[in-house]
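One letter stands for each residue in the lines below.
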Amino acid sequence: MAKEAAPHVLLICYPGQGHINPMIRLAKRIASKGLLVTCSSSSIVRDKLAAASGVSAGGDGVLVGRGRIRFDFLDDHFDGTELDLHNFLRHLETAGRLALAGLLGRQAEAGRPVACIVGNPFLPWATDVAAEAGIPSAVLWVQSCAVFSIYYHFVHGLAEFPREDDPDARFALPGLPALSVADVPSFLLASHPYKVLGDTIQDQYRNMGKASWVFVNSFAELERDVIAALPGVRPRPPQLIPVGPLVELGGHDDDGGVAVRGDLIRAADDCVGWLDAQAPRSVVYASVGSIVMLPAEAVAEMAHGLASSSGRPFLWVVRPDTRALLPEGFLDAAAGRGMVVPWSPQDRVLAHAAVACFLTHCGWNSTLETIAAGVPVVAFPQWGDQCTDAKFLVDVLKMGVHLRAPLRREGVREAVEAVTTGPEAGAMLANARSWSAAARAAVAPGGSSDRHVQAFVDEVSRRAR
Ligand code: UDX
């Protein structure tokens, strides 16, 4: 078997959309600089990725710039049984440790030994497997530096967090704006229903100190203050290396015309043609990402708010698991004014000139994507890091407005108006465009994040010689 000439990096992530997208986008950046990159995850997403994105495992992969990307899934044999996150992660670890060692063995036998593993905070055990195989490892933190800092302070007991019985209280961490109960990641609040997430948050830091690089999906200019403050925290956290924003800039320009995508639901490409027929900066784009489940009442209020109140065309992502919650007759009534799709090519939608604003749940990927596209937001966070991301978009970057629960149709209309035609709308658009320019500069050749990726590629190549 001929030995592969390019050093080989294995990227592995938790099998969720919010983790797969940044993994593939980092893979593109690394591959474009000349390395062979294999993307991997649990076998539980193999069929969905094949059906929705045409991803096929094995083989030589596809050319991306000067390198190649391929996929290879863990043989961890999940049957898709519903488990809560805590138990799912435990199963993933038990089966994943063996499966990852097996995958490394297969790569070596095929003449392309893995030179570095880039893991994911939900899979801290990947660092152990790398160490056992004598391979250096890295971690890709897929949320913001701000959330990294907040969770780090929480895990090490370094701060008094606001309590829900004192909604006016504010607390401050170095490099962050004062945060209220509504702004901290909701998993830290006593009343949060997902108690197991406390363990999961703690586990994310389990092996981080052993990794040679801790990458973060952010960019130095965006989170300058918190990045500058982290080295002063004790115990000292690992150094964060920003490599983002890991977004598709306008569709396909990261991968030389080859669209390597990681959608788990097939994207409705026809919505781009529909956007082409709309006036510039007229459309409200609405999506709550891949996991948030809105209650039926909120879905109905959103439907009425988008369709009847705002007076604008809208493109709304209603995933297949939520479609049954749409009010009766809504789709017929909305036809012409609005388009409802099960999944959109969100990068292409946000880059489209017809989009005026993004009503978003503020997942970190969506947050970075709207920053990179320069699209103002209606921030409608539901839980977890989304609450902090919303605070950041509205009060730090000043590129949008909050939409608070409980959702009411009038609230949707008022928020959309505020961000598109209200007295502050022009300033918000200008801020969004200036952050877009900064995001693009960070990943352009020689930009801050591009230099960090290049340094990694150079170091892996040096060690692999
Ligand atoms: C999850 C968490 O909810 C989020 O808070 C965390 O930061 C990452 O993991 P998710 O809720 O799915 O992610 O949100 P987000 O981070 O925004 O990721 C969703 C991804 O799906 C984005 O990259 C977005 O572009 C993509 N998407 C979403 C589509 O391509 N089409 C759609 O219709 C909707």
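The following refers to the structure shown. (Residues numbered from 1 in each chain as written. Predicted model: local features only at pLDDT ≥ 70, side-chain atom pairs only at ≥ 80, totals over all residues. Heavy atoms only, no water.)

1. Regarding the sheet that holds strand 5 (residues 114-119)
Line of reasoning, step 1. Here eight strands make up an open sheet; going across it, the order is 3-4-2-1-5-6-7-8 and the pairing mixed. The open sheet has two edge strands with one neighbour each: strand 3 (62-64) and strand 8 (240-242). Taking the axes of each pair of neighbouring strands and ignoring which way they run, one obtains an average angle of 30° across the sheet.
Line of reasoning, step 2. Judged from the five bridges that link them, strand 1 (residues 8-12) and strand 2 (residues 36-40) form a sheet pairing that is parallel. By the bridge assignment for strand 2, Ile12 is matched with Ser40. (Pairing = 2+ DSSP bridges. Helix = DSSP H or I, 4+ residues; strand = E, 2+ residues; numbered from the N terminus. Axes fitted to C-alpha atoms, helices over the stretch in contact; angles between N-to-C directions.)

2. Observations concerning the state of the cysteines
Line of reasoning, step 1. Considering all chains together, one arrives at zero disulfides under this definition.
Line of reasoning, step 2. Cys357 supplies the cysteine sulfur nearest to Cys271, a cysteine that is in no disulfide, at a spacing of 16 Å.
Line of reasoning, step 3. Cys362 supplies the cysteine sulfur nearest to Cys357, a cysteine that is in no disulfide, at a spacing of 12 Å.
Line of reasoning, step 4. Relative accessible area serves as the criterion here: at 0%, Cys357 is assigned to the buried category. (Disulfide = S-S within 2.5 Å. Buried < 20%, exposed > 50% of the residue type's maximum accessible area, 1.4 Å probe, protein only.)

3. A word on the side chain of His19
Line of reasoning, step 1. Position of His19 among the secondary structure elements: in helix 1 (residues 17-31).
Line of reasoning, step 2. Apart from the residues lying within four places of it in its own chain, the contact partners of His19 are Cys13, Tyr14, Asn120, Phe122 and Val142. (Contact = heavy atoms within 4.5 Å.)

4. As for the nonpolar core
Line of reasoning, step 1. Grouped together as the largest cluster of nonpolar side chains are 39 residues, with contacts concentrated most on Leu222, Leu275, Tyr285 and Leu315.
Line of reasoning, step 2. In this view, Leu315 contacts Cys271, Trp274, Leu275, Val283, Val284, Tyr285, Ala286, Met339, Val341 and Val349; residues no more than four positions away in its chain are not counted.
Line of reasoning, step 3. Counting 36 residues, the second largest nonpolar core, distinct from the first, contains Cys13, Ala27, Val45 and Leu246. (Core = buried A, V, L, I, M, F, W, Y, C linked by side-chain atoms within 4.5 Å.)

5. What to know about the pairing of strand 12 (residues 355-360)
On a regular strand, one side chain projects to one face of the sheet and the next to the other, so that they alternate.
Line of reasoning, step 1. Along strand 12, six of the six residues are buried, which leaves the element largely enclosed by surrounding structure.
Line of reasoning, step 2. In this structure, strand 9 (residues 283-287) lies alongside strand 12, joined through five bridges in parallel fashion. Across the sheet, residue Val283 finds its bridge partner in strand 12, namely Val355.
Line of reasoning, step 3. Summarising the sheet, strand 12 and strand 13 (residues 377-379) pair through three bridges and their orientation is parallel. Counterpart to Leu359 in the pairing with strand 13 is Val378.
Line of reasoning, step 4. In this region the chain leaves strand 12, passes through helix 12 (residues 364-373) and returns to the parallel neighbour strand 13; the handedness of that crossover is right-handed. (Right-handed = clockwise from strand over helix to strand, strands pointing away.)

6. A closer look at unusual backbone geometry
Phi is mostly negative for residues that are not glycine, and the peptide bonds are mostly trans.
Line of reasoning, step 1. Between Arg234 and the following residue, Pro235, the backbone shows a cis peptide bond with an omega angle of -5°.
Line of reasoning, step 2. With respect to the helices, strands and loops of the structure, Pro235 is situated in the loop between helix 7 (224-229) and strand 8.
Line of reasoning, step 3. A cis amide bond, omega 0°, links Ala405 with the succeeding residue Pro406.
Line of reasoning, step 4. Following the sequence through the fold, Pro406 ends up in the loop between strand 14 (400-402) and helix 14 (409-420).
Line of reasoning, step 5. Positive phi is not limited to glycine here, since Arg281 has a value of about 50°.
Line of reasoning, step 6. With respect to the helices and strands, the residue Arg281 is situated in the loop between helix 8 (270-276) and strand 9.
Line of reasoning, step 7. Even without glycine at this site, Lys398 takes up a positive phi of about 55°.

7. Examining the environment of Val284
Line of reasoning, step 1. Mapped onto the secondary structure, Val284 falls in strand 9.
Line of reasoning, step 2. Along the sequence, Val284 and Pro313 sit 29 residues apart, while their C-alpha atoms lie 6.5 Å from each other.
Line of reasoning, step 3. Beyond its immediate stretch of four places on either side in the chain, Val284 contacts Leu306, Arg312, Pro313, Phe314, Leu315, Cys357 and Val416.

8. Observations regarding the side chain of Lys33
Line of reasoning, step 1. Residue position: Lys33 is located in the loop between helix 1 and strand 2.
Line of reasoning, step 2. Within polar-contact distance, the side chain of Lys33 engages the side chain of Asp450 at 2.7 Å.
Line of reasoning, step 3. If near-sequence neighbours (up to four positions away) are discounted, Lys33 is found in contact with Arg66, Asp450, Val453, Gln454 and Val457. (Polar contact = N/O pair within 3.5 Å; in protein donor to acceptor, adjacent residues only side chain to side chain.)

9. Some details on the site of the ligand
Line of reasoning, step 1. Within the structure, the ligand sits among 24 residues, and Ser290, Ser344, Ser366, Glu369 and Asp385 are positioned closest to it.
Line of reasoning, step 2. Tallied by class, residues from the shell around the ligand come to six nonpolar, 14 polar and four charged. (Near = heavy atom within 4 Å. Nonpolar A, V, L, I, M, F, W, Y, C, P; charged D, E, K, R; others polar.)

10. Here's the deal with the sheet that holds strand 10 (residues 314-317)
Line of reasoning, step 1. The strand order across the open sheet built from six strands is 11-10-9-12-13-14, with neighbouring strands paired in parallel fashion. Strands at the two margins of the open sheet, each flanked by one partner only, are strand 11 (338-341) and strand 14. Ignoring strand direction, the axes of neighbouring strands in this sheet form an average angle of 15°.
Line of reasoning, step 2. Most of the contacts of helix 14 go to strand 12, to which it runs at about 135°, and overall it touches strand 9, strand 12, strand 13 and strand 14.

11. Looking at the packing of aromatic side chains
Any two aromatic rings considered together are summarised by their centre-to-centre distance and by the angle between their planes.
Line of reasoning, step 1. Applying the stated rule across the entire model yields 17 aromatic pairs.
Line of reasoning, step 2. Taken together, a centroid distance of 5.0 Å and an interplanar angle of 50° make the contact between Phe161 and Phe171 tilted. A residue pair is termed long-range when its members are at least 10 positions apart, and Phe161 in the loop between helix 5 (145-155) and helix 6 (197-204) and Phe171 in the loop between helix 5 and helix 6 qualify at ten residues.
Line of reasoning, step 3. The class of Phe161 is buried, set by a relative accessible area of 15%. (Phe/Tyr/Trp six-rings, centres within 6.5 Å; stacked < 30°, edge-to-face > 60°.)

12. Details of helix 13 (residues 386-396)
Line of reasoning, step 1. Burial within helix 13 is extensive, with nine of its eleven residues counted as buried.
Line of reasoning, step 2. Of all the positions in helix 13, only Gln386, Cys387, Thr388, Asp389, Ala390, Lys391, Phe392, Leu393 and Val394 are classed as buried.
Line of reasoning, step 3. On its buried face, helix 13 sits against helix 5, helix 12, strand 13 and strand 14.
Line of reasoning, step 4. Of the residues one or two after helix 13, Lys398 is the one with positive phi, at around 55°.

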